[in-house]
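# Overview (structure and organization)
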Amino acid sequence: MHTLIKNILAAAEPKDAVTVKGWVRTRRDAKGFSFLELNDGSCFGSLQCVVDAGTPGYDGIAHFTTGASAVIEGKLVPSPAQGQKWELRATKIELVGLADATYPLQKKGHTLEFLRSIAHLRPRSNLFGAVFRTRSRLALAVHQFFQSRDFFYVQTPIITASDCEGAGEMFRVTTLKGKPDDKPEADFFGKPTFLTVSGQLEAETFACAISNVYTFGPTFRAENSNTARHAAEFWMIEPEMAFCDLNGDMDLGEEFIKAMARYALEHCAEDLAFFSKFVDKGLGERLKFVTERPFVRVPYTEAVEILNKSGRKFEFPVSYGQNLQSEHERFLTEEHFKSPTTVFNYPREIKPFYMRLNDDQKTVTAMDVLVPGIGEVIGGAQREERPAQLAENMKFHKLNEQDYWWYADLRKYGTVPHAGFGLGFERLLMFLTGVSNIRDVIPFARTPGNAEF
Ligand code: 4AD
Ligand code: MG
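First, a word on what this report is: a plain description of the structure on this page. Remember, it's a predicted structure, so these values are computed and weren't measured experimentally.

For the rest of this paragraph, the subject is the site of ligand 1. Taken together, 25 residues are adjacent to ligand 1, and Glu165, Gln200, Arg221, Glu238 and Glu376 come closest. Glycine 379 places a polar main-chain atom, nitrogen or oxygen, 3.3 Å from an oxygen atom of ligand 1. Between ligand 1 and phenylalanine 421, the relevant distance is 3.4 Å, taken from a nitrogen atom to a main-chain nitrogen or oxygen of the residue. Taking 620 Å² as the accessible area of ligand 1 by itself, protein coverage stands at 94%. Mapping ligand 1 onto the cavity grids shows that it belongs to the largest pocket. Counting residues per element, the shell around ligand 1 draws most heavily on strand β15 (residues 375-382), at 5 residues.

As structure tokens, then:
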């Protein structure tokens, strides 16, 4: 068995026989010996290996080039070099796979754009190793957060016939060949189907039976917006709680973000230190701030007033009844409140049919959580639980009631106030790492015009 470099670097004492396997980061030859820096991605650091000229395998040292894979056996001893506790005195080196001079990752820093063009190799870079280790740990943190609060994990379908958000941004799923006389009834499912934009409606059915649930899975949107915060395929976490109102929903959303920041600070310290140094100098302080302070809460109407009185010239003008654009969201959270901000009670026209109509008959119980650097990270609502009002909401939004008969049934049989939200996992990761483009926190980005790899 070989040992991961993560565990070797954390060793408490020297070790006689150690085997490591990984990829060569650099090699430096000196008179009579060579230094090999080996990395296996298990942690940020690499292991310095010192290989004397007489070591078995040394005659092939010229092939141990950057990117080549190798197995190295040796003794772990305290390193005389600055900045590293251990080094490996090699007793045998073995080349596993060659990497020739065309290996595109070199020691010098590369641009993120270039690294995206080699998405199959970018996890070997410092930045992307750190991003994807953090992503993995946070996925566990998400499950722990909900499971420790008695939420059940529900796997909602990826193929669906209903457009939850009503925004018409769905990818079609079909086995029809695109002939002019194709009939929807002849399609695989007997009706038009799509990749899901949200598991919410299905999560609601489970919340209205087993109380507290969450989903965590891939979500698809055919939004043709080539921005730094939109992907066509992203992961969403959607909790749903029975017997819960908007306040309880906002409480959970804010607590969730705080818990994720706390988890990252505690469990991803080494990678966070790298992000703070090379990606976003203010990261550590921002995350601490988030864990320590309450979020600001402001009704939509007041948020619009603040924006209008700000004297700021926005690219998109602000007026009541319009959606907040990213520039408005970021002004509120970054400049005005200088804090994560939850905006609630939006006009019903700009929000989906399932949100509960407020007594003012104009606004719905929507809430969006905005964070600095990103804007909206959570979108949620208390749901319309009154059967007659739900039917009216569907009319208002020009939806066909029959299409949602099963959803309306939840209101017909033992309806309860309930609420939930969706959090974009990639946007959360952007917030926690300081990485400013969504393409750089997802293993293989799917964006308009791009499905390579
Ligand atoms: O605000 P949205 O559209 O809300 C819903 O889908 C609700 N059904 C959620 C619910 O109440 N259960 O999306 C929720 C979150 C956004 O706040 C954002 O973080 C993320 O999903 N999101 C995207 N992330 C990346 N790329 C996109 N194209 C995204 N669209 C939404
Ligand atoms: Mg939204």
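Here we take up the packing of aromatic side chains. Counting across every chain of the model gives 23 aromatic pairs. On the basis of an interplanar angle of 20° and a centroid distance of 5.3 Å, the ring pair of tyrosine 153 and tyrosine 214 is categorised as stacked. Here tyrosine 153 is found in strand β6 (residues 152-153), whereas its partner tyrosine 214 is found in strand β10 (residues 212-220), with 61 residues between them in sequence. Tyrosine 153 gets classed as partly exposed once you look at its relative accessible area, which sits at 32%. Take tyrosine 214: its relative accessible area is 0%, and that puts it in the buried class. Each member of the aromatic cluster is reached from another via a ring pair, and the members are Phe145, Phe146, Phe151, Tyr153, Tyr214, Phe256 and Phe421. Over the ring of phenylalanine 145 we find arginine 149; its NZ or CZ atom is 3.7 Å from the centre of that ring.

What follows concerns helix α10 (residues 387-396). All of the buried residues along α10 are Gln389, Leu390, Ala391, Asn393 and Met394. As for α10, its buried residues are in contact with α11 (405-412). Of the residues trailing α10, lysine 398 is marked for its positive phi of about 55°.

The next subject is the sheet that holds strand β3 (residues 47-52). With respect to topology, 5 strands assemble into a closed barrel ordered β1-β2-β3-β5-β4, the strand pairing being mixed. Ignoring strand direction, the axes of neighbouring strands in this sheet form an average angle of 50°. Pairing between strand β1 (residues 15-30) and strand β4 (residues 69-78): 7 bridges, direction antiparallel. Considered in β4, the bridge of glycine 22 is made with alanine 70.

Rules of the game
Residues numbered from 1 in each chain as written. Chains lettered and ligands numbered in written order. Predicted model: local features only at pLDDT ≥ 70, side-chain atom pairs only at ≥ 80, totals over all residues. Heavy atoms only, no water. Near = heavy atom within 4 Å. Polar contact = N/O pair within 3.5 Å; in protein donor to acceptor, adjacent residues only side chain to side chain. Areas by Shrake-Rupley, 256 points an atom, 1.4 Å probe, with all protein chains shown as cover. 1 Å grid on protein atoms, 1.4 Å probe; cavity = no way out; pocket = protein on both sides within 12 Å on 5 of 7 lines; lining within 4 Å. Sits in = over half its atoms within 2 Å of the grid points. Helix = DSSP H or I, 4+ residues; strand = E, 2+ residues; numbered from the N terminus. Phe/Tyr/Trp six-rings, centres within 6.5 Å; stacked < 30°, edge-to-face > 60°. Buried < 20%, exposed > 50% of the residue type's maximum accessible area, 1.4 Å probe, protein only. Lys NZ or Arg CZ within 6 Å of the ring centre and 35° of its normal. Contact = heavy atoms within 4.5 Å. Pairing = 2+ DSSP bridges. Axes fitted to C-alpha atoms, helices over the stretch in contact; angles between N-to-C directions.

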